[in-house]
Amino acid sequence: MRLSGTNSALADVVSDLLAVPVHADRFKESAAIRALDERLNGLVYKLAAEERFEGKPGQTLALHTHGKLGAQRLLLVGMGKSGATELAELRHAAATGVRAANAAGARCYAYALPEGAADDAGAQLAAEGVLLGAYRFDRYLSGDAKRPETVVEVLFVGADSAPSAAALARAEIIAGAVAQARSMINEPAAEMTPSKMADVAREVAAKHGLAIDVLDRARCHELGMGMFLAVSQGSIEEPRFIHLTYTPKAKATRRVCLIGKGVTFDSGGLSLKPSASMEDMKIDMSGAAAVIAAIGAIAAIGSDVEVHAIAACTENMPSGSAYKLGDVLRSMAGKTVEINNTDAEGRLTLGDAITYARRLEPDEIFDFATLTGAIVVALGPYTAGVMSNTPALSDRWLAAAKAAGEAMWPMPLVDRLKEQLKSDIADMKNTGERYGGAITAGLFLREFAGETPWVHVDLAGPASATKQQGATGKGGTGFAVATMVEYLAPRRA
Ligand code: BES
Ligand code: MN
Ligand code: ZN
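Here the residue numbering is sequential within each chain, running from 1 through the sequence in written order. Chains and ligands are labelled sequentially in the order written, the chains with letters from A and the ligands with numbers from 1. In keeping with the model being predicted, local features are shown solely for residues with a pLDDT of at least 70 and side-chain atom pairs are shown and tallied solely at 80 or more, while totals for entire chains, interfaces and linings include all residues. Hydrogens and water molecules were not included; the side-chain quantities draw on all heavy atoms of the structure.

## Points about the sheet that holds strand β12 (residues 336-338)
Paired strands are those between which DSSP finds at least two bridges. Where helices and strands are cited, they refer to DSSP runs of H or I of at least four residues and of E of at least two residues respectively, numbered from the N terminus. Spatially, three strands are ordered β11-β12-β16 in an open sheet, and the strand pairing comes out mixed. Sheet topology places β11 (328-330) and β16 (428-429) at the edges, where each strand pairs with a single neighbour.

Laid out in C-alpha cells, this is it:
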C-alpha cells in the first residue's frame, strides 16, 4: 500500500471510498459533515436518521455518492463522545474503513483524520490502523477464502495541513513490525520452531544491520542455563537462545535489554494441559516475536540507546526425556529450583534469560511473556499486567504504553506471597498457589533480576485475540511492539 497525505476539501478528495470518523456529540455541528451533506443534497443526515446512525462507537453508515463527491462511496465511522477518544480508537476507526474498502473492492481508500487528531501523531495512529486493519494471515487459505487485498493507495486527509511523510513512514515501520510479530505468532508450532525463530531473527539482523548470536544447547549448557535446558529436554526440537544487538552510531546513552518468552509450543509438559487449554499454545512465543520484531523497527527508526533483544526459545513437551515434578534444577544464577509444576515453564526460561541479560550490565531489563492465566483472570483479555522492582522505571514504561495506545496496568509484587515459593529441599519452588498466581510468577522472576532495574510485562491476555476488534484481527496481535518502539525510539517533537 502506498500512503500519502493531502489537505484537499473532503468533498473533492478523489477515491473509491472515503471514510470519515464521526463523534456522536459533534455529528450535527461538524462543519466537515455539513459540507458533505450539502453536496449530497441532504442525503447524509436523512439517511443517518433513517438508519439511526448516531456516531456510537462501532456504528457505520455507508452510502453511494453517485458522482456528487470526489469519492464514489462515503463511510461514516462512529467514534462515540469527543474529547475522551482513546488512542486505540483512532487506529480502530481507520482500520474499520480499510476493511470496508477491501470488501468493496476499492483500489484507493481515503481517510479523513478526525478533529482533534489531525496532527502528525494522529496521522501515525491512523496509518497504523489502516496497515494493521488490512493485515491477514492467509498463507494457508486457498481459493475464494483467500480474498486478495484490493486497496493499493491510501490518502490521509488533514483538516488544515496534510500529514507529514515522516509520520506516515514511522507508521509503516511500526505496523510492519507488528505485522511481522503477528505472523510469527500465527504460524503453527510445527513451523515456527525454535530454529525457525532463530532464522527469522537472522533475517531481521541482516536487514537492519544488527549483531546476532544464536546459542545452541551445548553453549547454553556451558553457561549453566539449567532451567532453560530442563524445559527443552522433553522435546525433539533443538532449543535456540537468540541474542540480537542494536548499537547506535554515536555513543549510547544507556543499555536496555528486551527479553521475550519464546515457548513455541506449551503442552504443559508432564503437568499436561487439558486439550482446550493447549489448543492455542502456539502463541506462547508472543513475547519473543515482539522483541525480535521491535528491535528491527527501533533500528530502522534509529535510537540513542543500545538495545538487546533476547529470546530463550524452546518447546515444552512431555516425553521420556522430559523434566519431571520433583526435579531440582540449577539455574544459571546458581539458585536451585524444585519443580512442582512443569507447566510453569515460562519463568524457568526467563529466569536464565534475565541472568544472561544481567551479564551484559544493562541499565534496564524488560521481559515480555505470556506467563500466566491468572493475569487474564485479573485484568481480562485486553490488558497486560506490569510488575517491577523499580517504581520509577515502571512509571516511565506505563507512560510509553499510554502514548502508544496499548493497555497496560500496574500490579503489585506483594512480598508476603513469596512464602508460597518456599521449598524444603531447594532455594525455591517454581509455583505457588492458585490465588495470586500472576504475582508469584513475578516474584519468581524478581529473584533473578536482583538489583538491576527490571520491568515484567505479563501479556497472556492481549497477546492474542479470539475475535476481531478494531485494528486487530483474530489471532496474534503483536502486542507490546508499539510500546517498545515508543519507549526506545520516540517520535521527536
Ligand atoms: N503459557 C502459559 C500461560 C498462558 C495461559 C498464556 C493462557 C496464554 C494464555 C503458562 O506457561 C502456564 O501454563 N502458566 C500456568 C502457571 C501455573 C502452572 C502456575 C497457568 O497460568 O496455569
Ligand atoms: Mn505453561
Ligand atoms: Zn507457557
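Picking up after the structure, the text goes on.
## Re the packing of helix α1 (residues 31-39) against helix α2 (residues 43-51)
Two numbers describe how α1 lies on α2: the axes approach to 6 Å, and their chain directions differ by 100 degrees. In terms of their interaxial angle, α1 and α2 are classed as roughly perpendicular. Residues Ile33, Arg34, Leu36 and Asp37 of α1 form the contact with α2, whose participating residues are Leu43, Val44 and Tyr45. Working convention: axes come from line fits to C-alpha atoms, limited for helices to the stretch in contact. Angles between N-to-C directions cover 0 to 180 degrees. Any angle from 65 to 115 degrees is called roughly perpendicular, while one under 35 is roughly parallel, one over 145 is roughly antiparallel, and all others are oblique. Between two residues, a contact is recorded if the distance between any of their heavy atoms is within 4.5 Å.

## Some words on the side chain of threonine 6
Take threonine 6: it is sitting in strand β1 (residues 2-6). The residues touching threonine 6, leaving out its near neighbours within four places in the chain, are Leu155, Phe156, Val157, Gly158, Ala162 and Pro163.

## Let's talk about the packing of aromatic side chains
Here is the rule: rings of Phe, Tyr and Trp (six-membered ring for Trp) pair when centre to centre is within 6.5 Å. Planes less than 30 degrees apart are stacked, more than 60 are edge-to-face, and the remainder are tilted. Tallied over the full model, the rule gives 13 aromatic pairs. Here tyrosine 111 and phenylalanine 156 contribute two aromatic rings whose centre-to-centre distance is 6.5 Å and whose plane-to-plane angle is 75 degrees, an arrangement assigned as edge-to-face. Within this pair, whereas tyrosine 111 is found in strand β5 (residues 108-112), its partner phenylalanine 156 is found in strand β6 (residues 153-157), the two being separated by 45 residues in sequence. Pair check on accessibility: tyrosine 111 and phenylalanine 156 agree, each one buried. Here the aromatic cluster, defined as three or more aromatic residues joined through ring pairs, consists of Phe366, Phe368, Trp397 and Tyr487. Exposure is judged per residue with a 1.4 Å probe applied to protein chains only, and the accessible area is read against the type maximum: over 50% gives exposed, under 20% gives buried, and values in between give partly exposed.

## Quick word on the site of ligand 1
For this purpose, a residue is taken to be near a molecule or strand whenever a single non-hydrogen atom of the residue falls within 4 Å of it. The environment of ligand 1 is formed by 15 residues, the closest being Asp266, Lys273, Asp284, Asp343 and Gly373. Within the side chain of aspartate 266, one N or O atom sits 2.9 Å away from an oxygen atom of ligand 1. A distance of 2.7 Å separates an oxygen atom of ligand 1 from a polar atom in the backbone of glycine 373. Here the shell around ligand 1 is composed, by residue class, of three nonpolar, five polar and seven charged. The definition of a polar contact used here is a pair of N or O atoms within 3.5 Å, where within protein one atom must be able to donate a hydrogen and the other to accept one, and adjacent residues in sequence count solely through side-chain atom pairs. Each residue is assigned to one class: nonpolar for Ala, Val, Leu, Ile, Met, Phe, Trp, Tyr, Cys and Pro, charged for Asp, Glu, Lys and Arg, and polar for all the others, Gly among them.

## Side note on the sheet that holds strand β7 (residues 211-215)
What links the strands of a sheet is backbone hydrogen bonding, and the strands pair in either a parallel or an antiparallel sense. The strand order across the open sheet built from eight strands is β7-β8-β10-β9-β13-β17-β14-β15, with neighbouring strands paired in mixed fashion. Two strands in the sheet have a free side with no partner beyond their single neighbour: β7 and β15 (408-410). Pairwise comparison of adjacent strand axes, ignoring direction, gives a mean angle of 20 degrees for this sheet. Here strand β8 (residues 240-246) runs beside strand β10 (residues 305-316); their pairing, made up of seven bridges, is antiparallel.

## Structural notes on the domain arrangement of the protein
Domain boundaries in the protein define domain 1 (2-163) and domain 2 (174-488). Those domain boundaries reflect an automatic or database domain assignment. Using only C-alpha atoms to locate each centre, domain 1 and domain 2 end up separated by 37 Å. Taken together, the contact between domain 1 and domain 2 spans 16 residues of the former and 21 residues of the latter. A side-chain nitrogen of Lys or Arg and a carboxyl oxygen of Asp or Glu constitute a salt bridge if their distance falls within 4 Å. Put simply, domain 1 and domain 2 have one salt bridge between them.

## Examining the packing of helix α5 (residues 165-186) against helix α15 (residues 481-488)
Two elements in contact, α5 and α15, have axes separated by 9 Å at closest approach and are oriented at 140 degrees. When the axis of α5 is compared with that of α15, the two are oblique. By crossing handedness, the relation of α5 to α15 is classed as right-handed. Residues Arg170, Ile174, Ala177, Val178 and Ala181 of α5 touch α15, and the partners they reach there are Val481, Ala482, Val485 and Glu486. The residue makeup of the contact of α5 with α15, split by class, is seven nonpolar, no polar and two charged. Should the near helix be turned anticlockwise from the far one by less than a right angle, the crossing is termed left-handed; should it be turned clockwise, right-handed.

## Quick notes on the coordination of the zinc ion (ligand 3)
Taken together, the protein donors to the zinc ion (ligand 3) comprise Lys261 (NZ), Asp266 (OD), Asp284 (OD) and Glu345 (OE), at separations of 2.0 to 2.4 Å. A donor here means an N, O or S atom no more than 2.8 Å from the metal, or no more than 3.2 Å when the metal is Na, K or Ca. Since water is not included, a site may seem to lack partners. Key to geometry: four donors with every angle between 85 and 135 degrees are tetrahedral; four donors are square planar and six octahedral where opposite donors lie over 155 degrees apart and all remaining angles lie between 65 and 115; all other sites are irregular. Of note is the zinc ion (ligand 3), whose six donor atoms meet at the metal with angles of 79 to 174 degrees in an arrangement that counts as octahedral. Within one chain, the residues donating to the zinc ion (ligand 3) are spaced in sequence as K-x4-D-x17-D-x60-E. If you look at the zinc ion (ligand 3) and the manganese ion (ligand 2), they sit 3.1 Å from each other and are both ligated by aspartate 266. With aspartate 284 in the loop between α9 (275-278) and α10 (286-301) and glutamate 345 in the loop between β12 and α11 (346-358), the pair connects residues that are 61 residues apart, well separated along the chain. Taken as a pair, aspartate 284 and glutamate 345 share a single burial class, namely buried.

## Some remarks on the coordination of the manganese ion (ligand 2)
The expected angle between donors at a tetrahedral four-coordinate metal is 109.5 degrees. At an octahedral six-coordinate metal it is 90 or 180 degrees. The manganese ion (ligand 2) binds to the protein through Asp266 (OD), Asp343 (O), Asp343 (OD) and Glu345 (OE); the donor distances cover 2.1 to 2.2 Å. Here the manganese ion (ligand 2) binds six donor atoms, and the angle range of 71 to 169 degrees at the metal identifies the geometry as irregular. Each donor residue of the manganese ion (ligand 2) belongs to the same chain, and together they define the spacing D-x76-D-x1-E. The exposure class assigned to aspartate 343 is partly exposed, which follows from its relative accessible area of 22%.

## A few points about unusual backbone geometry
Positive phi values are uncommon outside glycine, yet arginine 52 reaches one of about 55 degrees. By relative accessible area, which is 64% here, arginine 52 ends up exposed. A positive phi angle is found at alanine 480, which is not glycine, with a value near 90 degrees. Taking the relative accessible area as the measure of exposure, alanine 480 reaches 0% and is therefore buried.

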